[in-house]
Amino acid sequence: VSSNKRPQITVPKTVKSVFAREVNLQTLPVKLTSNGRLVAKRRVELFSEVQGVLLLKDRAFRAGQTYRKNDTIIAIDATEFRASVQSAKSNFLNTLSTTLADIALDFPEVYEKWKTYVSSFDLNAPTPQLPDFDSEKERFFISGRGIVNAYYNVVNLETRLSKFVIRAPFDGALSAATVTEGTLVRSGQNLGTFIEGRQFEIEIPIAASYASFVALGKSVELSTLDQSQHFEGKVVRVNPAIDQETQMISVFVAISSDVLKEGQYLRTVMEVQSVEQAIEVERSLLLDSNELFVIRDGVLDLVSVNPVHFNENTVIVQGVSEGEVLLNKPLPGAQKNMPVQVIAP
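Trainee: An account of the overall build of the chain is needed here, citing residue identities and associated values.
Mentor: Across its full length, the chain carries four helices and 22 strands. Scaling as 2.2 N^0.38, a compact globule of 345 residues should have a C-alpha radius of gyration of about 20 Å, whereas the chain reaches 39 Å, well beyond that. Expressed as lengths along the three principal axes of its C-alpha atoms, the size of the chain is roughly 150 × 45 × 35 Å. The 345 residues of the chain split such that 35% are buried. Charge-centre separation for the chain: the mean point of 36 positive side chains lies 5 Å from the mean point of 40 negative side chains.

Written as structure tokens, this is what we have:
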């Protein structure tokens with residue numbers, strides 16, 4: 001038994017090499033990053049208030065068609081209704097003409113005024129406004145003859161006649177068209193969508209805790225998802241209500257560009273506040289216990305920190321002392337009091 005002794009094996013003590021950096025405390029900006037979809041700032045859903053057949057115009061009513069302000073977008077056949085308007089205007093003029101003789105007898109002082117109105121009346125032009133009444137007697141007399149009622153009946157028909165033509169309210173283009181030329185359009189039917197092509201808005205959800213740091217006019221950095229194009233926007237509205245499910249508030253940013261399109265996704269970056277005496281490290285270095293590894297006298301040690309803001313790949317923390325040597329790359333199996341050797345940069 002005494003001769004059966006095994007020699008003791010000495011396990012060599014290994015020291016792992018690590019990357020580290022010296023802590024340099026700074027004032028770091030907190031930037032909120034999000035993705036959002038562009039929506040045209042000015043958009044109009046086109047609906048028909050009248051019924052008729054859609055007429056063929058010089059420019060086809062199709063998605064992508066551009067129009068200048070006041071250009072005719074849609075024209076509906078109004079031949080039958082226009083004849084009704086002319087009939088009503090003719091009856092109104094006839095009523096006025098037959099009343100002129102009575103006006104000359106009872107109100108000679110205003111006869112010339114009404115005679116001039118009748119003489120200048122044009123059936124093919126918009127109905128001019130009735131002359132002002134000089135007295136209560138004149139107003140009662142004209143109203144009693146049904147002239148005022150006939151006048152507003154004509155004005156009502158003319159207003160409805162104008163709805164057979166829809167004009168562009170601003171420079172823009174059709175983003176959708178649901179009817180084609182020759183289609184019977186019914187009252188209340190959706191005809192398409194008209195948008196302005198260079199003014200957009202994008203909605204950004206942010207945590208309610210940052211609401212006090214967002215002000216109207218604040219600059220926001222925007223870029224395409226592939227980072228090939230960059231733009232600048234301004235905060236134009238802030239929703240005062242908090243979403244009950246996400247506890248976020250909506251911030252609306254306006255942007256102008258000739259190259260962007262409605263529905264396009266953009267990446268947004270908005271600076272909301274600054275954090276003093278802080279550093280930014282990779283998220284993989286922060287332990288679940290809110291601690292970071294530091295190197296003291298050649299061994300690993302842990303220091304408690306306060307995470308202030310999490311970015312996509314990094315985190316801004318406070319609580320590390322100036323000049324500490326911080327572990328800069330994750331070390332598998334790292335633990336407190338493990339001896340390490342810092343690799344020279």
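On we go from here.
Trainee: How would you sum up the packing of helix α1 (residues 79–106) against helix α4 (residues 147–162)? Please name residues and give values.
Mentor: Direction vectors running N to C along α1 and α4 enclose 160 degrees, while the axes themselves pass 9 Å from each other. Regarding the angle of α1 to α4, the classification is roughly antiparallel. The two elements α1 and α4 meet at a crossing, and its hand is left-handed. Contact residues: α1 offers F81, R82, S84, V85, A88, K89, F92, T95, L96 and T99, while α4 offers I147, A150, Y151, N153, V154, L157, E158, R160 and L161. Residue composition of the contact of α1 with α4, by class: eleven nonpolar, four polar and four charged.

Trainee: Lay out the environment of T99 with the relevant residues and their values.
Mentor: Within the secondary structure layout, T99 lies in helix α1. Through-space distance from the C-alpha of T99 to that of E280 is 89 Å; in sequence the pair is 181 residues apart. When near neighbours in sequence (up to four residues on either side) are disregarded, T99 contacts F141, R145 and I147.

Trainee: I'd like to hear about α4, residue by residue, with values.
Mentor: The terminal C-alpha atoms of α4, which comprises 16 residues, lie 23 Å apart, in line with the 22 Å expected from a rise of 1.5 Å per residue. Residues of α4 that are buried: I147, V148, A150, Y151, V154, L157, E158 and L161.

Trainee: Explain unusual backbone geometry residue by residue, including any values.
Mentor: Even without a glycine there, the phi angle at N70 is positive, about 75 degrees. The topology assignment puts N70 in the loop between β6 (66–67) and β7 (72–75). N70 gets classed as exposed once you look at its relative accessible area, which sits at 51%.

Trainee: Lay out the nonpolar core in plain terms, naming residues and giving numbers.
Mentor: Membership of the largest hydrophobic core comes to 41 residues, with the highest contact counts inside it found for L46, F61, I73, I74 and F92. Every element with two or more residues in this core is listed here: β7, α1, α2 (111–119), α3 (136–144), α4 and β11 (190–195). Excluding residues within four positions of it along the chain, F92 makes contact with Y117, F121, T127, L130, I147, A150, Y151 and V154. With 25 residues, the next largest nonpolar core counts L28, L222, L260 and V275 among its residues.

Trainee: Just give me the short version of the sheet that holds β6, but keep the residues and values in it.
Mentor: The antiparallel open sheet is built from four strands, whose spatial order is β4-β11-β9-β6. Since the sheet does not close on itself, it has two edges, and those belong to β4 (43–47) and β6, each with one partner. The pairing of strand β9 (residues 172–177) with β11 spans four bridges and is antiparallel. Its bridge partner lying in β11, A173 is registered against I195.

Trainee: Give a detailed account of the pairing of strand β17 (residues 291–296), specifying residues and quantitative values.
Mentor: In terms of residue burial, β17 counts as a mostly covered element, since five of its six residues are buried. With antiparallel pairing between neighbouring strands as the criterion, β17 and strand β18 (residues 299–304) make up a hairpin whose turn holds two residues, including D297 at a positive phi of roughly 55 degrees.

Thresholds, definitions, all that
Residues numbered from 1 in each chain as written. Predicted model: local features only at pLDDT ≥ 70, side-chain atom pairs only at ≥ 80, totals over all residues. Heavy atoms only, no water. Helix = DSSP H or I, 4+ residues; strand = E, 2+ residues; numbered from the N terminus. Rg over C-alpha atoms; globule rule 2.2 N^0.38 Å. Buried < 20%, exposed > 50% of the residue type's maximum accessible area, 1.4 Å probe, protein only. Lys, Arg positive; Asp, Glu negative; His and termini not counted. Charge placed at Lys NZ, Arg CZ, Asp CG, Glu CD. Axes fitted to C-alpha atoms, helices over the stretch in contact; angles between N-to-C directions. Parallel < 35°, antiparallel > 145°, perpendicular 65-115°, else oblique. Left-handed = near helix turned anticlockwise from the far one by under 90°. Contact = heavy atoms within 4.5 Å. Nonpolar A, V, L, I, M, F, W, Y, C, P; charged D, E, K, R; others polar. Expected span 1.5 Å × (residues − 1). Core = buried A, V, L, I, M, F, W, Y, C linked by side-chain atoms within 4.5 Å. Pairing = 2+ DSSP bridges.

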